[in-house]
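What follows is the residue order along each chain.
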Protein chains: 2
Amino acid sequence: MKIVILGCGRLGSRVALKLGEDEKNEIIVIDKNSDSFSLLGKDFKGKIFQGDGANMETYNKIMNEKVDIFLALTNIDNTNIMAAEIAKQKYKVEKTIAKVDDPIRARAFEELGIETICPTLLSEKKINKMIEKKKIKESESDGDV
Amino acid sequence: MKIVILGCGRLGSRVALKLGEDEKNEIIVIDKNSDSFSLLGKDFKGKIFQGDGANMETYNKIMNEKVDIFLALTNIDNTNIMAAEIAKQKYKVEKTIAKVDDPIRARAFEELGIETICPTLLSEKKINKMIEKKKIKESESDGDV
């Protein structure tokens, strides 16, 4: 699979390294800041491309061949939303995932048919589970269960 | 339960509202920026406290009574780590959860016995699942399964 990842921050770099473990995957990581690529370490076998996700030129240069998965994982919701739209509409990428921190925008965007991941919602769910577990533990020790 | 939440950003405010739905919970939300409290809306029944999580004074003022759960959810890993340590060590809060965006620090901190949530790791897991699903779908349509 050809996989393009926009944003080489903590999340983008980890995802790139993980997906790069599979030799069948061809990974391209884009970031406007070349320093970010250091997060990939020296064993990363994919390609890196310095370019701004808010600039169409970037996509013209690397999306001309079929891309199977496009992941927009910068720290800026608007950039991710725009990039995912471009990948889906202009380059017909089948699987497009955008990171959207704002839960309200994430939901609106999902309704437009682009998959999102919302770290805020994921964290909220996790916290609820952790607290639920504490409550269950306490009611058990109180003899309620 | 008495629950103290440090940080009234997207995550902190959502968690406060959710936990506040249970009338048995007494919620106190701390933020150094009073504008942040607007995220709670006008129906929030808990208390708000303007104070800096990096300042011990803040805790002296609100942690003198027993706190059951302390959540450190600001956008700054170091503040969250410090706050969680104070809650656990000085105020003996039984359940302390800190948001730590950096996965490496999150793991180190978990080893010190404080529960963390790492939005980066949660997002990474979610992306892996979403891509795994695509792969399974494709191999099914290829007749591999």
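Residues numbered from 1 in each chain as written. Chains lettered and ligands numbered in written order. Predicted model: local features only at pLDDT ≥ 70, side-chain atom pairs only at ≥ 80, totals over all residues. Heavy atoms only, no water.

(A) Quick look at the layout of surface pockets. The space that makes up the largest pocket amounts to roughly 990 Å³. Lining the largest pocket are 49 residues, and of these A:Asn75, A:Lys99, A:Asp101, B:Asn75 and B:Asp101 sit closest to its centre. Elements represented by at least two residues in the lining of the largest pocket include exactly helix 1 (10-20), strand 2 (26-31) and helix 5 (119-141) of chain A together with helix 1 (10-20), strand 2 (26-31) and helix 5 (119-141) of chain B. Class assignment for the residues of the lining of the largest pocket results in 15 nonpolar, 22 polar and 12 charged. A volume near 570 Å³ is recorded for the second largest pocket. In this structure, the second largest pocket is lined by 20 residues; those nearest its centre are A:Leu122, A:Lys125, B:Leu122, B:Lys126 and B:Lys129. (1 Å grid on protein atoms, 1.4 Å probe; cavity = no way out; pocket = protein on both sides within 12 Å on 5 of 7 lines; lining within 4 Å. Points joined across faces, edges and corners; volume = space filled by probe spheres on them. Helix = DSSP H or I, 4+ residues; strand = E, 2+ residues; numbered from the N terminus. Nonpolar A, V, L, I, M, F, W, Y, C, P; charged D, E, K, R; others polar.)

(B) Inspection of the interface of chain B and chain A at higher detail. At the interface, 38 residues of chain B touch 38 residues of chain A. Viewed at the interface, chain A and chain B are joined by two salt bridges. Note that A:Arg14 and B:Glu124 form a salt bridge whose closest N and O atoms lie 2.7 Å from each other. If you look at where chain B meets chain A, you find two residue pairs in polar contact (both at pLDDT 80 or more). Broken down by element, the side of chain B that touches chain A gets its largest block of residues, 14 residues, from helix 5 of chain B. Considering only residue class, the side of chain B that touches chain A consists of 16 nonpolar, four polar and 18 charged. (Contact = heavy atoms within 4.5 Å. Salt bridge = Lys/Arg side-chain N within 4 Å of Asp/Glu carboxyl O. Polar contact = N/O pair within 3.5 Å; in protein donor to acceptor, adjacent residues only side chain to side chain.)

(C) Examining the sheet that holds strand 1 (residues 2-6) of chain B more closely. All names here are of chain B. An order of 3-2-1-4-5-6 is seen for the six strands of this open sheet, with the pairing classed as parallel. Bordering the open sheet on either side are strand 3 (47-50) and strand 6 (115-117), each of which pairs with just one other strand. Between one strand axis and the next, the sheet turns by 20 degrees as a mean value, whatever way the strands run. Here strand 5 (residues 95-99) runs beside strand 6; their pairing, made up of three bridges, is parallel. (Pairing = 2+ DSSP bridges. Axes fitted to C-alpha atoms, helices over the stretch in contact; angles between N-to-C directions.)

(D) Structural detail: the relation of the copies chain B and chain A. When chain B is fitted to chain A, the residual RMSD is 0.0 Å, and the transformation amounts to a turn of 180 degrees plus an axial shift of 0.0 Å. The relationship between the two copies is best expressed as a two-fold rotation axis. Residues of chain B ranked by C-alpha distance from the rotation axis are headed by B:Pro119, positioned 2.6 Å from it. Mapped onto chain A, 100% of the interface residues of chain B are again interface residues, and the two copies thus contact each other with one and the same surface. (Least-squares fit on C-alpha atoms with pLDDT ≥ 70 in both.)

(E) Inspection of the pattern of salt bridges at higher detail. In this structure the tally under the stated criterion is 16 salt bridges over all chains. A salt bridge links B:Lys66 to B:Asp68; the shortest N-O distance between them is 2.6 Å. Look at B:Asp68 and you get buried, because its relative accessible area is 15%. Each of A:Asp77, A:Asp102 and A:Arg105 takes part in a single network of salt bridges with overlapping partners. (Buried < 20%, exposed > 50% of the residue type's maximum accessible area, 1.4 Å probe, protein only.)

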